[in-house]
Every structure is written in structure tokens, then in C-alpha cells.
Amino acid sequence: MLVTDLLRRNAHLWARETALTAVDASDLVELHQERYLMQRKALTWEEMNRKANQIANFYHSIGIHRGSHVGLMMKNCIEWLPIYFGILKSGAVAVPLNFRYDADSAAYSIRYADLDALIFDEGASAVIQQILTGTLNLRSFLYTGLKREDCPAFAFPISDVWEKQSGEEPDTPPLDPEEDAAIYFSSGTTGTPKAVVSSHATLLAACERELYHHKQVHDDCFLCIPPLYHVGAKLHWMANLLVGARAVLLKGFTVPAFFRVVQQEQVTIAFLLLPWLQDILVASEGGCIKADQSTLASLRLLHTGAQPIPPSVVQQLLRRFPQISLGISYGLTEAGGPGVLNLCAEDIGRSGSVGLPPPGWQAKIVDDTGVETAPNVPGELLLKGPHMMSRYYKNEEATDETLAGGWLHTGDIASRDKDGYYYIVDRKKEIIISGGENIYPQRIENFLRQLSGVKDVGVFGLRHCRLGEAVAAQVELAPGVSYTEEAVLNYCQGLPRFERPLRIFFGHVPRNPTGKIEKQILCQLHQNEPLPLRQGDPLPKPQQKKEHV
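Predicted model, so just to flag it, every value in this text is computed and none were measured.

What about the packing of aromatic side chains?
By the definition in use, this model includes 17 aromatic pairs. Centroid distance F141 to F154: 5.0 Å. Interplanar angle 80°. Geometry classified as edge-to-face. Highlighted residues: F141 in strand β6 (residues 140–143) and F154 in the loop between β6 and β7 (156–157), separated in sequence by 13 residues. For the ring pair F460 and F505, a centre distance of 6.5 Å and an interplane angle of 25° mean the geometry is stacked. Remark: F505 occurs in strand β26 (residues 503–506) and F460 occurs in strand β24 (residues 454–464); sequence separation between them is 45 residues. Judged on exposure class, the residue F460 and its partner F505 are both buried. The side chain of K215 reaches across the aromatic face of Y212, ending 5.8 Å from its centre. Here the basic side chain of R350 rests over the ring of Y421, its NZ or CZ set 3.8 Å away from the ring centre.

If you want it as C-alpha cells, here you go:
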């Protein structure tokens, strides 16, 4: 069975039941009920399946089919998922692209993924027109903007597809579950993103894994906010596909919009990234919004992930919303999405853990020689399970390195306790080496978050004449809170000497669309800042090159 078979099944079993609803967060708090309903868009399972069929039939009509590559460069909208499924139904490979790409990034991704066709919206139109004169050799451009008159001359308006194409099931030859289904560009915060290939079996396995963790039923309503071009948000939703449960796409995030949509749509499950959880806590604790048990009465589960979730945030959520279960998942694009480790609500008391692997998956921690470490000793996290990524597209060397020995080398530093629960320590590439010591930024970030009034923290390394690298921190304070650099540095006396930051900067902590801190931006922003010398700091020890075995 493929995920497209599930959509067809749902259209038969629950034809007139709502599958998807989309709501725009802009000015939502001021809207009256009538206005809310006017801007709310919805699709039934039958309508969603028909639109997917129309996309597939359109592509068949212009010679795009099995083995073709079709890109999507669109913001979240009610038609994003039907379009994605339409590409899969045609037999083509779907290639979601970041709608925030500038011209250079878009051109690189389009060429690298060998796209035959591209679907884009009004927000991406200027970028696509800018790179059109380059070496792009696409056979088709499909424009999804609301106004037909804004469609560029080189593209087809999607309204033509909805008006002219058949909604019957496309005549696509049966696809093997191990065939390529999608290519996702990884959302890492260092280096050039790699193109990760997922099979149809990978997508289905991720759906089943999510259902195992979160136990969706047909009557659930899932709230999805992160961008759908990222593997995590979409595969969190796909567990609902297995049981025919409805979902809501909230386009953009504000705290008032989140509360309004949960109440209006009777949301039962919500996936929230760390910055949004922080915003909700700041607003509720500051009295900016009413947040009690009645406000989110329908919500049974909040789950989060995509980056380490600080124990202090977990504790605040449990204290503020004790009636809501909380789950934390760990995953990565190469592993086929989220939930390859998961901390269920019953184990949420294991502060800082990302839980256990699901059935069929294995995990282990190894040192730089490939030997498994003892409990509580940090090392690289390796994973093994059914239906991980097929490969990195056009990068055999990176594929062999990442999947060496049949294990997925995650690049994350983790530890395992005596009971087998896993804890993410930090990204391997984000370790700061200061005076010869390995320093894990996440530990310092968690420490600084315990200071009252701190909303977010990013810890990073700056080049230092004596230490090699020095620890620095960007601290984002809650509204109305004020600290001096000296006060925060004094607070950091509670850290071991080698972990104490030499500089504290105040300001916004930049995060990418999946919630990961963009350390490169912080390094670039502060690379010319003066750094003090401390008496007694050691000279950096010589570092030997380490290789994976």
C-alpha cells in the first residue's frame, strides 16, 4: 500500500467528511465569527482526492510521469497537500522547496534536483522570473496564485487544471513501494543542504510510526503550523491520513491565533516548535492572554521536537497546562522523518530525554573509534530501522559515509541512561573547542534558560587568540525584562569555568523554519566583537583529526 492508496480509500469511506481546513493567522484575533468563517477554507476527502487526481492527469497530459521530478515552491495553503499527492499519483517524484529561497538558492536546488516541472505561488513568482533567464530547462511551470491575471506568461494558471482536467483516478502503472517518492533538502544549520531521497515505503512507514506514538483516532483533529516543504510537519499529519482524521493548517503563528483556532476547530493534537511554545508561555505567564484549562479544553496532546526541548520549557508547560499530555519526538530527514526516538507522555518526567526507539528500530551511542559507549557517556547517535532514506541524491560518497555499516550516522552527540532512554547533547558540528575542552552549547543554553525572564538563548563559539574558540551567548529576554551583560555573566558563575561565556549579547535568537538555532548567523553577527582575556585560561591543546570508522 502507498500513501496515495490511503487518500483514495478515505475519499471512498469518508467522502463528505472534512479532511483539511486552512486558516490564516493574520489579524485573526480581531475577526468576528462571520469573518472567520468567510476566510476559513475546507476540503472534504472526496474533494482532496479529486484535486490530486486532476494534478496527476494534468502532468500525464504533458508527458510528465514515472521518474519525472516536480518541485513545489509554495507557502502553506489548502491546496498544498492535494498538489503533493497529485505529483505522487502521477508517478513523478515530489521535490518540496523552501519558499523563502533567494534566487541563488532556488536556482541551485532546481538544477541539482533535475526538476522537469515546478509549481510555485505568488510569493515565489519574482524569484522564479529572476532565474528564468539562466540555465533552467524545465518543461512546465504551474502558477498557484489567487489572481489569474498575475500568472507569468511562461506559466499555466492552476485554475486551468481545476476547470479542465478530469478528477478520475489517473492511469498510472502500479508503483513499487521502494521507488523514489520524494526528495527533501535537509534543513541543517551548517553547510549546504543535502538532497535526501525517500521512497514510497519510507513515507508510509513514517505514517505508521507517528500513529504508534500519538495514537490518533478518526475523531481527532490535528493542528499543523510548520512549513509543509519540510518532512516533519507533513509526516506528523500523515498519521491522520491512516485513520481519516481531519486536520487544520494554520498559516502563520501568533499566540492569539493559536488559541482561537484550537477553540474554534476543537483541535485535539497540536505539533508546536520550540519558539511557539516559548511565545505561548511568555504570553500566558505575562497575563497577555487567558490561558487556563477551559481555554484549550479540546486539546489532549501537545507534541514537539525538531530541536532539543529544554527541560525548563517542559516543566513550565506541565505547570501551566497540567491537563494536556506532552510528547517529544526526535527525527531527521535522513531517518525518514520524525519519531525515530520518542518520549511519550507517560515518561515526560525524564527531563531532557527524547525517549526510546519505536518497534523495529535500534539506536546506539559510539565514540570516535566506533565503539559503543557506556551509559551516560556522550558519543555520536547511530540509528537503524526499516525504510530510512534511500540515499543522498547524486552524492554516493556522502551516502556511504552516512549509512556506513548499515547504521545512520546522525551527527548528533547523545547519551543513553541505564534504562535505555536517549538524551541529545548537541550537534557534532556545533561543539565548541575552547582551550582543548569539548563544550556542548545545549548544556549552557539550558542553564541560561533557568534565569528568570529569559525567553530564548543561542550559544556559539567565537575565534579567540588564546583559547582557539570562546563561548558566547545571544540572550533574548521576555518583554519588560532587563539585564546587564555583567549580571548575566555573574549568573554564569554557576557553570564550570571552562563553560562560562566570555560575552553575553542581547537580541533576537534567529531560528530557521524548523526551529533550529542558526548559529552561523550569530557567529557572523558578532565575529568582530572584542573578547576579553582571562588570567589562567589555558593555551589551546593541539587537536588531532578524528575519523569515523
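The rest of the description comes next.
What about the sheet that holds strand β15 (residues 337–343)?
Reading across the sheet, the 8 strands line up as β2-β1-β11-β10-β12-β13-β14-β15 and stay open at both edges, with mixed pairing between neighbours. Only two strands of the sheet have a single neighbouring strand rather than two, namely β2 (41–44) and β15. Along the sheet, successive strands turn relative to each other by an average axial angle of 25°, direction set aside. Relative to β15, strand β14 (residues 325–332) runs antiparallel, the two being bridged by 4 bridges. Bridge pairing in β15 links Y330 to L341. Against the sheet, helix α3 (residues 45–61) makes contact with β1 (18–24) and β2, and its axis sits at roughly 85° relative to β2, the strand it touches most. Where helix α9 (residues 231–243) meets the sheet, its contacts fall on β1, β10 (221–224), β11 (246–251), β12 (269–271), β13 (301–305), β14 and β15, and the angle it forms with β15 comes to roughly 75°.

Structural notes on the nonpolar core
Ranked by size, the top nonpolar core spans 116 residues in total, and within it Y84, W237 and F258 carry the most contacts. In this structure, F258 is in contact with L223, I225, L250, F253, A270, L272, I280, L296 and L299, ignoring residues within four places of it in sequence. Grouped together as the second largest cluster of nonpolar side chains are 29 residues, L97, A124, L136 and F185 included.

Some details on the sheet that holds strand β25 (residues 468–477)
Overall, mixed pairing links the 3 strands, which are arranged β24-β25-β26 in an open sheet. For this open sheet the edge positions go to β24 and β26, each flanked by a neighbour on one side alone. If you compare each strand with its neighbour and ignore which way they point, the axes differ by 25° on average. As defined by bridge partners, β24 adjoins β25 across 10 bridges and the pair is classed as antiparallel. Bridged to R463 within β25 is E469. Helix α16 (residues 519–526) contacts β24, β25 and β26 of the sheet and is inclined by roughly 60° relative to β24.

Some remarks on the side chain of D121
Position of D121 among the secondary structure elements: in the loop between β5 (117–120) and α6 (122–131). Summary of buried charges: D121 has no salt-bridge partner, and the nearest side chain of opposite charge, K75, is 6.2 Å away. In this view, D121 contacts M73, M74, K75, Y143, T144 and G145; residues no more than four positions away in its chain are not counted.

Here's the deal with the packing of α3 against helix α4 (residues 80–90)
For any two helices packed against each other, the geometry comes down to the angle between their axes and how far apart the axes lie. Between α3 and α4, the shortest axis-to-axis distance is 7 Å and the interhelical angle comes to 50°. Between α3 and α4, the crossing angle belongs to the class labelled oblique. As for how α3 packs across α4, the hand of that crossing is right-handed. On α4, the residues that touch M48, N49, K51, A52, N53, I55, A56, Y59 and H60 of α3 are L81, P82, I83, F85, G86, I87, K89 and S90. Residue classes in the contact of α3 with α4 are distributed as 10 nonpolar, 5 polar and 2 charged.

Things to note about unusual backbone geometry
Residue D114 is not a glycine yet carries a positive backbone phi of 55°. For H387, which is not a glycine, the phi torsion comes out positive at approximately 65°. As for its position among the elements, H387 is in the loop between β18 (379–384) and β19 (391–392).

As for the pattern of salt bridges
Counted by the stated rule, this structure contains 23 salt bridges. One salt bridge in this structure joins D160 and R148, with 2.7 Å as the shortest N-O distance. Separated by 12 residues along the polypeptide, D160 in helix α7 (residues 158–164) and R148 in the loop between β6 and β7 bring together distant segments of the chain. For D417, the salt bridge is made with R350, and the minimal N-O distance between the two is 3.3 Å. You can see D417 sitting in the loop between β20 (408–416) and β21 (422–427) and its partner R350 sitting in the loop between β15 and β16 (353–355), a full 67 residues away along the chain. On the accessibility criterion, D417 (9% relative accessible area) is buried. Since its relative accessible area comes to 26%, R350 is described here as partly exposed. Where salt bridges share partners, they join D5, R8, K89 and E169 into one cluster.

Parameters and conventions
- Residues numbered from 1 in each chain as written.
- Predicted model: local features only at pLDDT ≥ 70, side-chain atom pairs only at ≥ 80, totals over all residues.
- Heavy atoms only, no water.
- Phe/Tyr/Trp six-rings, centres within 6.5 Å; stacked < 30°, edge-to-face > 60°.
- Helix = DSSP H or I, 4+ residues; strand = E, 2+ residues; numbered from the N terminus.
- Buried < 20%, exposed > 50% of the residue type's maximum accessible area, 1.4 Å probe, protein only.
- Lys NZ or Arg CZ within 6 Å of the ring centre and 35° of its normal.
- Pairing = 2+ DSSP bridges.
- Axes fitted to C-alpha atoms, helices over the stretch in contact; angles between N-to-C directions.
- Contact = heavy atoms within 4.5 Å.
- Core = buried A, V, L, I, M, F, W, Y, C linked by side-chain atoms within 4.5 Å.
- Lys, Arg positive; Asp, Glu negative; His and termini not counted.
- Salt bridge = Lys/Arg side-chain N within 4 Å of Asp/Glu carboxyl O.
- Parallel < 35°, antiparallel > 145°, perpendicular 65-115°, else oblique.
- Left-handed = near helix turned anticlockwise from the far one by under 90°.
- Nonpolar A, V, L, I, M, F, W, Y, C, P; charged D, E, K, R; others polar.

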